[in-house]
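Spelled out from the first residue to the last, the chains are:
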Amino acid sequence: MDRSNGCREGAVMVDELGVAVVGFGWMGRVHTQAYARLPHHYPQSPRPRLITVAEEVPGRAEEAAERFGFATATRDWREVAADPRVRAVSITAPNFLHREIGVAMAEAGKHIWIEKPVGLTAEDARAVADAVAKAGVQGAVGFNYRNAPAVEAARDLIASGELGTVTHVRIRLFSDYAAHPDGALTWRYERARGGSGVLGDLASHGADLARFLLGAITSLTADTAVFVPERARPTGATAGHARASGGEPGPVENEDYVSCLLRFASGARGVLEACRVSVGEQNNYGFEVHGTRGAVFWDFRRMNELAVSRGSTYQDQPVSTVYVGPGAGEFAAFQPGAAHAMGYDDLKVIEAYRFVRSVAEGVPYGATLGDAVASAAVLDAMTRSAQRGSWVDVGSG
Ligand SMILES: NC(=O)c1ccc[n+]([C@@H]2O[C@H](COP(=O)([O-])OP(=O)(O)OC[C@H]3O[C@@H](n4cnc5c(N)ncnc54)[C@H](O)[C@@H]3O)[C@@H](O)[C@H]2O)c1
């Protein structure tokens, strides 16, 4: 990117990028705030201009426009696709809409920043990936955990060979966001709108982290379970993980829990476990990567730290805490020195930066739709394996 004179997009110089957001729940707000903060952290980046926000709940788009500064608001995302001022679109609507909206936006020539898991299946993710490739636009995906500077540092450490040959990894994603029995029966719990439940919600991030750190996953065997089989339907509009009691009860149609054994192309082995109803677990996301000479551990709740064991003693080898600093990933864009904390929303600012940079330079930075297809292929394989009760090949999605 030419940092002094704005950016090139094809032959056109752009200093501003007209952006829109479709779906203004939790992620819609976080994407919007990330666009707004881009000039604070990346002053030479093209400036996103908040053109319009689409949201189906009456009044929510107008409120978002008023609070966050979008020029216009609409209840119909198709108006966004038709709006020539909009060059790039955040797709932060529920999973069942990712395919339709993603394909339509790409066909309309819009660059897209779309939330994981990109649809309900690998076929959905592939449809969006194909539309993006055909239109020649950029497609970024919300696998934010790989943007954590400590995760990038862990990846570099693994690649350096200092830990020896990686033998096995454990990846966990435990949360209590659906643990309360009064958690409303929102789109998340329906197969037709939420897909495979905790697989798309959390295991999608785990599959992406596994690939990001260790490379391709070739085969797996999985087990799934629903632990809260019934929930109350919400009586009004919802966002995020709303509560509802007294509403008519309905069935939970998708998985609360998945455990999985993984085999990697490298020969490494892995365990991935994800649960959305784990009482006592708040965002307990992380990994433990073991090599023949060392190990590296990461916990999202201490996002800027790594625990690292390195040396040549093999047995009783100490583990040290490493606070990552300006040398790791995008850390320097946020804090001046190690042990100044970065937070979750900062990962989305990094994602926004990489997306806008992709648009400006015409080459992808950060997680792409190819990564979404690969993660979704792992999730599809988990579902197949759980149904068959056997090992399955992952395939390419
Ligand atoms: N990357 C992450 O860490 C992360 C975290 C949470 C959610 N997500 C993903 O983000 C997406 C949204 O999740 P969320 O937690 O923000 O959900 P949410 O329920 O809070 O928000 C979704 C919003 O989309 C709106 N919507 C529904 N249909 C619409 C339509 N036809 N047109 C416009 N708006 C519509 C809803 O009214 C709601 O406001 C999901 O795909 C989810 O998997 C990613």
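Since we're looking at a predicted model, the values are computed, not measured.

Here we take up the overall build of the protein. Within the protein one finds ten helices and 19 strands. Relative to the 2.2 N^0.38 estimate, which gives 21 Å for 397 residues, the radius of gyration of the protein is 21 Å and therefore close to what a compact globule would have. Overall, the C-alpha framework of the protein stretches about 60 × 60 × 40 Å when taken along its three principal axes. Restricting the contact set of the protein to residue pairs at least 6 apart, pairs at least 24 apart contribute 69%. With an accessible surface of roughly 16300 Å², the protein has 48% of that area assigned to carbon and sulfur atoms. Positive and negative charge centroids in the protein, built from 40 and 46 side chains respectively, lie 3 Å apart.

Moving on, we come to the sheet that holds strand β15 (residues 284–291). Ordered by their spatial adjacency, nine strands build an open sheet running β18-β17-β16-β15-β9-β14-β13-β10-β19, and the pairing between neighbours is mixed. Each of the sheet's edge strands pairs with one partner strand only, and the pair in question is β18 (320–323) and β19 (392–393). In terms of strand pairing, strand β10 (residues 217–225) meets β19 through two bridges, oriented antiparallel. Looking across to β19, one finds that S219 is bridged to D393.

A few words now on the site of the ligand. The environment of the ligand is formed by 29 residues, the closest being E55, R60, N95, N144 and R188. Within the backbone of K116, a nitrogen or oxygen atom sits 3.1 Å from an oxygen atom of the ligand. Starting from 840 Å² of accessible surface for the ligand in isolation, the protein chains cover 94%. Contributions of two or more residues to the shell around the ligand are made by α1 (26–41) and α9 (344–361).

In the UniProt entry, the feature "domain: Gfo/Idh/MocA-like oxidoreductase N-terminal" (unreviewed entry) is given for residues 18–143. This span, residues 18–143, is 43% helix and 21% strand, and a straight line between its end C-alpha atoms measures 23 Å.

Scanning the entire structure with this criterion turns up three cavities of 30 Å³ or more. Taken together, N95, P117, G119, L120, T121, G194, G195, S196, G200, A376, L379 and D380 form the lining of the largest cavity. If one sorts the elements of the lining of the largest cavity by residue count, helix α10 (residues 369–388) sits on top with three residues. Split by residue class, the lining of the largest cavity holds four nonpolar, seven polar and one charged. Of the domains in this structure, domain 1 (16–144) and domain 2 (149–302 + 304–342 + 368–393) are the two that each give at least three residues to the lining of the largest cavity.

Another point: the nonpolar core. In this structure, L220, F287, W298 and M382 are the most contacted members of the largest nonpolar core, which totals 93 residues. Counting residues per element, this core draws most heavily on helix α8 (residues 198–214), which supplies ten residues. For this core, the domains that each give at least three residues are domain 1 (16–144) and domain 2 (149–302 + 304–342 + 368–393). In terms of nonpolar packing, the next biggest core, distinct from the first, is built from 34 residues, V86, V141, F143 and A367 among them.

The share of residues in the protein with pLDDT of 70 or more is 94%, and the mean pLDDT across the chain is 93. Across residues 1–14, where pLDDT falls below 50, the model places 30 contacts with residues more than four positions away in sequence or in other chains.

What follows is about the side chain of E55. On the secondary structure map, E55 appears in the loop between β4 (47–54) and α2 (60–68). A polar contact of 2.6 Å, which involves the side chain of E55, links it to the backbone nitrogen of F24. Of note is the side chain of E55, whose polar atom sits 3.0 Å from the backbone nitrogen of V57. Setting aside chain neighbours within four positions, we find E55 in contact with G23, F24, G25, R60, A61, T74 and R75.

A cluster of nonpolar residues, L261, V271 and W391, forms a patch on the protein surface that exposes about 240 Å² of accessible area. With respect to the secondary-structure elements, W391 resides in the loop between α10 and β19. Given the relative accessible area of 37%, W391 is considered partly exposed.

Further remarks concern the pattern of salt bridges. All chains considered together, the criterion is met by 27 salt bridges. Measuring nitrogen to oxygen at the nearest pair gives 2.8 Å for the salt bridge that ties D124 to R99. With D124 in helix α5 (residues 122–135) and R99 in helix α4 (residues 98–107), this residue pair connects regions lying 25 residues apart in the sequence. Since its relative accessible area comes to 11%, D124 is described here as buried. We classify R99 as partly exposed; its relative accessible area is 31%. A salt bridge links R172 to D299; its shortest N-O distance comes to 3.6 Å. Taken as a pair, R172 in strand β9 (residues 166–174) and D299 in strand β16 (residues 295–299) lie far apart in primary sequence, 127 residues in all. For R172, a relative accessible area of 16% puts it in the buried group. A single network of salt bridges, built from pairs that share partners, joins R170, R172, E288, D299 and R301.

Definitions and limits used
Residues numbered from 1 in each chain as written. Predicted model: local features only at pLDDT ≥ 70, side-chain atom pairs only at ≥ 80, totals over all residues. Heavy atoms only, no water. Helix = DSSP H or I, 4+ residues; strand = E, 2+ residues; numbered from the N terminus. Rg over C-alpha atoms; globule rule 2.2 N^0.38 Å. Contact = heavy atoms within 4.5 Å. Areas by Shrake-Rupley, 256 points an atom, 1.4 Å probe, with all protein chains shown as cover. Lys, Arg positive; Asp, Glu negative; His and termini not counted. Charge placed at Lys NZ, Arg CZ, Asp CG, Glu CD. Pairing = 2+ DSSP bridges. Near = heavy atom within 4 Å. Polar contact = N/O pair within 3.5 Å; in protein donor to acceptor, adjacent residues only side chain to side chain. UniProt positions renumbered as here; feature names shortened; annotations may be inferred. 1 Å grid on protein atoms, 1.4 Å probe; cavity = no way out; pocket = protein on both sides within 12 Å on 5 of 7 lines; lining within 4 Å. Points joined across faces, edges and corners; volume = space filled by probe spheres on them. Nonpolar A, V, L, I, M, F, W, Y, C, P; charged D, E, K, R; others polar. Domains from an automatic or database assignment. Core = buried A, V, L, I, M, F, W, Y, C linked by side-chain atoms within 4.5 Å. Buried < 20%, exposed > 50% of the residue type's maximum accessible area, 1.4 Å probe, protein only. pLDDT = per-residue confidence, 0-100. Patch = residues over 30% accessible without salt bridge, like charges linked within 9 Å, V, L, I, M, F, W, Y side chains within 5 Å. Salt bridge = Lys/Arg side-chain N within 4 Å of Asp/Glu carboxyl O.

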